[in-house]
Amino acid sequence: MSPRLALLALPLALAFPSVSRAADAPVPKQAPTVVPTLPAVDPQMVSAAFGFRFVSDYNSRGISQTNRHPGAQGYLEFQMLDGLFYAGIAGEQVDLPNRPTMEMDFSAGIRPTFGAWSFDLGYLFYNYPGERALIGPDGMIYTANNADYYEFVGKAAYAVNDALTLGLNVYHSPSYFGTHAPGTYVSGIAKYTIPEGTFGVMPSGFLVSAEVGQYFLGTTKASFGVFKLPDYTYGNVGIAYTVKNFTIDLRYHNTSMTKSECGLITADPRSILNGTFRSNWCGAAVVATVSVDVTSKDPGIFAGQETLAPSVPGRTSDAEGPAVR
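Here is what the cut-offs are and how they apply
- Residues numbered from 1 in each chain as written.
- Predicted model: local features only at pLDDT ≥ 70, side-chain atom pairs only at ≥ 80, totals over all residues.
- Heavy atoms only, no water.
- Helix = DSSP H or I, 4+ residues; strand = E, 2+ residues; numbered from the N terminus.
- Buried < 20%, exposed > 50% of the residue type's maximum accessible area, 1.4 Å probe, protein only.
- Polar contact = N/O pair within 3.5 Å; in protein donor to acceptor, adjacent residues only side chain to side chain.
- Contact = heavy atoms within 4.5 Å.
- Pairing = 2+ DSSP bridges.
- pLDDT = per-residue confidence, 0-100.
- Phe/Tyr/Trp six-rings, centres within 6.5 Å; stacked < 30°, edge-to-face > 60°.
- Lys NZ or Arg CZ within 6 Å of the ring centre and 35° of its normal.

Examined against the element boundaries, serine 175 turns out to sit in the loop between β10 (164–173) and β11 (183–193). Given the relative accessible area of 15%, serine 175 is considered buried. At 2.9 Å, the side chain of serine 175 forms a polar contact with the backbone nitrogen of histidine 180. Residue contacts for serine 175: discarding those within four places in its chain leaves Tyr149, His180 and Ala181.

And the structure:
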């Protein structure tokens with residue numbers, strides 16, 4: 001090559017170095033492109049539960065909240081760290097003297113477990129949108145202008161074995177149903193899963209349970225009219241059958257209250273209008289409940305091809321459900 005051609009080829013070789021390589025020279029591999037990925041979410045970190053119920057009577061601690069009529073309920077709860085923390089909302093159809101459009105319950109808390117022991121320490125807020133005070137024909141105000149109130153909740157349960165669970169519940173509010181009277185409810189519960197084949201014919205899925213409690217209520221404040229609300233004893237016993245996500249529950253409820261005490265604590269409008277001030281909202285009642293409950297951990301018949309988490313062995317449905325009294 002002449003010196004002139006060599007000088008012309010030098011800039012081309014510097015600008016396009018691959019052109020100057022021999023055809024059989026090894027080509028260094030290019031570093032692989034790194035695509036950032038989001039960290040995998042532990043399926044046990046966040047989960048959800050929701051459900052719907054139809055009741056023949058919404059009975060809360062022995063007192064009808066639907067004037068002895070049927071009602072619908074629903075709830076949604078989010079759980080974190082394998083159920084350790086939770087926050088939820090529930091809605092119930094009601095027929096109360098203060099005439100709210102519904103009852104809404106907001107809950108939050110923590111559910112730690114230690115071996116056979118399980119605990120629930122939480123907060124419940126009861127909201128009654130659209131409420132207004134009940135004014136009787138005599139011009140007296142019989143319900144609070146604002147019946148919204150909150151409770152601190154403490155529950156402890158001990159699994160004696162795979163079938164039997166015993167528990168203790170405590171609820172406390174500084175203003176029961178907006179009356180400014182303190183209220184503390186303490187109850188003991190027992191749940192027993194009937195073994196499959198009992199009596200030779202019993203299928204799996206049956207649960208019997210009972211609760212006995214005492215409600216300690218205080219005296220209302222002057223702004224509401226000073227009077228002592230009656231303490232009373234409450235109990236229920238029933239049997240439930242669960243298949244997949246569906247549960248049918250039949251339960252007997254009763255309290256120690258007289259009809260006059262019931263009229264005082266409930267402000268039943270019918271008892272005010274007829275002048276007897278006696279109500280049957282707190283007496284013996286048999287309540288049927290049909291419910292469907294679904295969790296992302298154990299979706300049952302609602303499981304798709306992929307779920308947030310695998311089924312939890314030995315899981316049993318909670319007869320109360322989140323945020324329901």
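Moving on: the pairing of strand β4 (residues 71–80). Burial of β4 is one-sided: the residues Gly71, Gln73, Tyr75, Glu77 and Gln79 facing one way are buried, the residues Ala72, Gly74, Leu76, Phe78 and Met80 facing the other way are not. Here strand β1 (residues 46–55) runs beside β4; their pairing, made up of ten bridges, is antiparallel. What sits directly across from valine 55, in β4, is glycine 71. Two elements, β4 and strand β5 (residues 85–92), share eight bridges in a ladder whose sense is antiparallel. The residue bridging tyrosine 75 from the neighbouring strand is alanine 90, located in β5. Adjacent in sequence and paired antiparallel, β4 and β5 are bridged by four residues, among which leucine 81 carries a positive phi angle near 55 degrees.

Attention now moves to helix α3 (residues 259–266). Residues of α3 that are buried: Cys262, Gly263, Ile265 and Thr266. Those residues of α3 that are buried are in contact with β3 (63–64), β12 (206–217), β13 (232–243) and α4 (269–273). Alanine 267, located one to two residues past α3, shows a positive phi value of around 55 degrees.

The share of residues in the chain with pLDDT of 70 or more is 78%, and the mean pLDDT across the chain is 83. In this model residues 1–28 is a low-confidence stretch, pLDDT under 50, and it forms two contacts with partners more than four residues away in sequence or in other chains. When the criterion is pLDDT under 50, residues 303–324 qualifies, and its contacts beyond four places in sequence or with other chains add up to 39 contacts.

Another point: unusual backbone geometry. Although it is not a glycine, arginine 99 adopts a positive phi angle of roughly 55 degrees. Its place among the elements puts arginine 99 in the loop between β5 and β6 (103–110). A positive phi angle, close to 55 degrees, is found at alanine 267, a residue other than glycine. Following the sequence through the fold, alanine 267 ends up in the loop between α3 and α4. A relative accessible area of 8% places alanine 267 in the buried class.

This paragraph deals with the packing of aromatic side chains. Applying the stated rule across the entire model yields 19 aromatic pairs. Ring centres 5.6 Å apart and planes at 80 degrees place the aromatic pair tyrosine 150 and phenylalanine 152 in the edge-to-face group. Residue tyrosine 150 is classed as partly exposed on the basis of its relative accessible area of 31%. Taken together, a centroid distance of 6.2 Å and an interplanar angle of 45 degrees make the contact between tyrosine 176 and phenylalanine 177 tilted. As far as burial versus exposure is concerned, tyrosine 176 and phenylalanine 177 are alike and both buried. Each member of the aromatic cluster is reached from another via a ring pair, and the members are Tyr126, Tyr128, Tyr149, Tyr171, Tyr176, Phe177, Tyr185, Tyr215, Tyr232 and Tyr234. The side chain of arginine 61 reaches across the aromatic face of tyrosine 171, ending 4.3 Å from its centre. A cation over an aromatic ring shows up here: arginine 111 above the ring of tyrosine 86, its NZ or CZ 3.7 Å from the ring centre.

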